[in-house]
Amino acid sequence: MSDTSMQTLIVGAPSNGVQLVTLNRPEALNALNTQLLGELSAVLDAAEASDDVRAVVLTGSSRAFAAGADIKEMAERDLVGILNDPRQQHWQRITRFPKPVIAAVNGFCLGGGCELAMHADIIIAGEDARFGQPEINLGIMPGAGGTQRLLRAVGKSMAMQMVLTGDAISARQAQQSGLVSEITQPEFTVERALAVAASIARKAPLAVRLAKESVLKGMDTDLASGLRFERHAFTVLAGTADRNEGIAAFQEKRKPEFNGQ
Ligand code: HXC
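Reading the values: rules and limits
Residues numbered from 1 in each chain as written. Predicted model: local features only at pLDDT ≥ 70, side-chain atom pairs only at ≥ 80, totals over all residues. Heavy atoms only, no water. Pairing = 2+ DSSP bridges. Helix = DSSP H or I, 4+ residues; strand = E, 2+ residues; numbered from the N terminus. Contact = heavy atoms within 4.5 Å. Axes fitted to C-alpha atoms, helices over the stretch in contact; angles between N-to-C directions. Parallel < 35°, antiparallel > 145°, perpendicular 65-115°, else oblique. Nonpolar A, V, L, I, M, F, W, Y, C, P; charged D, E, K, R; others polar. 1 Å grid on protein atoms, 1.4 Å probe; cavity = no way out; pocket = protein on both sides within 12 Å on 5 of 7 lines; lining within 4 Å. Points joined across faces, edges and corners; volume = space filled by probe spheres on them. Disulfide = S-S within 2.5 Å. Buried < 20%, exposed > 50% of the residue type's maximum accessible area, 1.4 Å probe, protein only.

1. Section: the sheet that holds strand β10 (residues 169-170)
Argument step 1. Read across the open sheet, the 4 strands follow the order β5-β7-β9-β10; overall the sheet is mixed. The two strands at the open ends of the sheet, each matched to only one other strand, are β5 (64-66) and β10.
Argument step 2. Here β5 pairs with strand β7 (residues 108-110) via 2 bridges, running parallel. Residue A64 lies in a different strand from β7, and its bridge partner there is F108.
Argument step 3. Where helix α5 (residues 112-119) meets the sheet, it contacts β5, β7 and β9 (130-132), and its direction lies at approximately 90° from that of β7.

Shown next as structure tokens:
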């Protein structure tokens, strides 16, 4: 199957359980307009339903992962327009996606673009990537999770500095702060993200799903509740065929064959 081109995305055919989704609005540095977010929602709907997709890699271009929400579109929205903004539902959809997402980030990763990257479970960045929340320069503030996810990723002082000054940080600073897990040479960012995604795609899908849910749970709950959730998820996995397969394969010194049951 060849790549599917939507108007603002290039959607690769699943390979090794991984689907590559490329933001494709080069004329606007991949600014996130309603159409792009809607197409991304539709792609994630299909990816969630497909057994061929076990992980998603989301990337942009070498110049920009995404330079933010589309400012030209934002300029046309008044207060009521923002309250009724259809993009809210698209952001919710991205938040709810249960399979692992890896963002492969090169170039500008700003505003809503940085917020989109932070919706991913893992961020792998090229050395030239720049992460920032410049909304303050427009007289606004982050509105798709920037203040909350950045705080949890990099801590209060760095989050405050980024959100209040609007200044971007380098890939190296982003890695030191915990926003990014790995840095690569820019030409290898996508390749590395695909390799990490393929590694995840070989694991037991139910274990991956519950492990992701459990880590995310820890972002918005107290330790005792998080530990309770983890215990329940761990117990649920004891009833799966893949758990039996994983343990049997270890004992028989062979590779496991997981089938998501
Ligand atoms: C719409 C954008 C855009 C954006 C860039 N472009 N960012 N269009 N929305 N966010 C367009 C430019 O208008 C220009 O098109 C083309 O992309 C190339 O951009 P240049 O500015 O010419 O490139 P350069 O000089 O290299 O500067 C790159 C840049 C700058 C530093 C990234 O473009 C920039 O500051 N962009 C805005 C970044 C930003 O403020 N993001 C936060 C947005 S608010 P034309 O046709 O003019 O040549 C946000 C809120 C999220 O994200 C809230 C979520 C609910």
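2. Let's talk about the packing of helix α4 (residues 87-96) against α5
Argument step 1. Interhelical geometry of α4 versus α5 gives an angle of 30° and a closest axis separation of 9 Å. Comparing the axis directions of α4 and α5 gives the class roughly parallel. For the pair α4 and α5, the contacting residues are W91, I94 and T95 in the first and G112, E115, L116 and H119 in the second.
Argument step 2. Looking at side-chain class alone, the contact of α4 with α5 contains 3 nonpolar, 3 polar and 1 charged residues.

3. Some remarks on empty space enclosed by the protein
Argument step 1. In the structure shown here, the tally under the stated rule is 1 cavity of 30 Å³ or more.
Argument step 2. Taken as a whole, the largest cavity holds about 80 Å³ of empty space.
Argument step 3. Looking at the lining of the largest cavity, the elements that each hand over two or more residues are α1 (34-49), β4 (55-59) and α5.
Argument step 4. Grouping the constituent residues of the lining of the largest cavity by class yields 9 nonpolar, 1 polar and no charged.

4. Thoughts on the state of the cysteines
Argument step 1. This structure, assessed with the given rule, holds 0 disulfides.
Argument step 2. In this structure C109 is not part of a disulfide, and its nearest cysteine sulfur, from C114, lies 4.8 Å away.
Argument step 3. Residue C109 is classed as buried on the basis of its relative accessible area, which comes to 0%.
Argument step 4. Using a relative accessible area of 1% as the deciding quantity, one classes C114 as buried.

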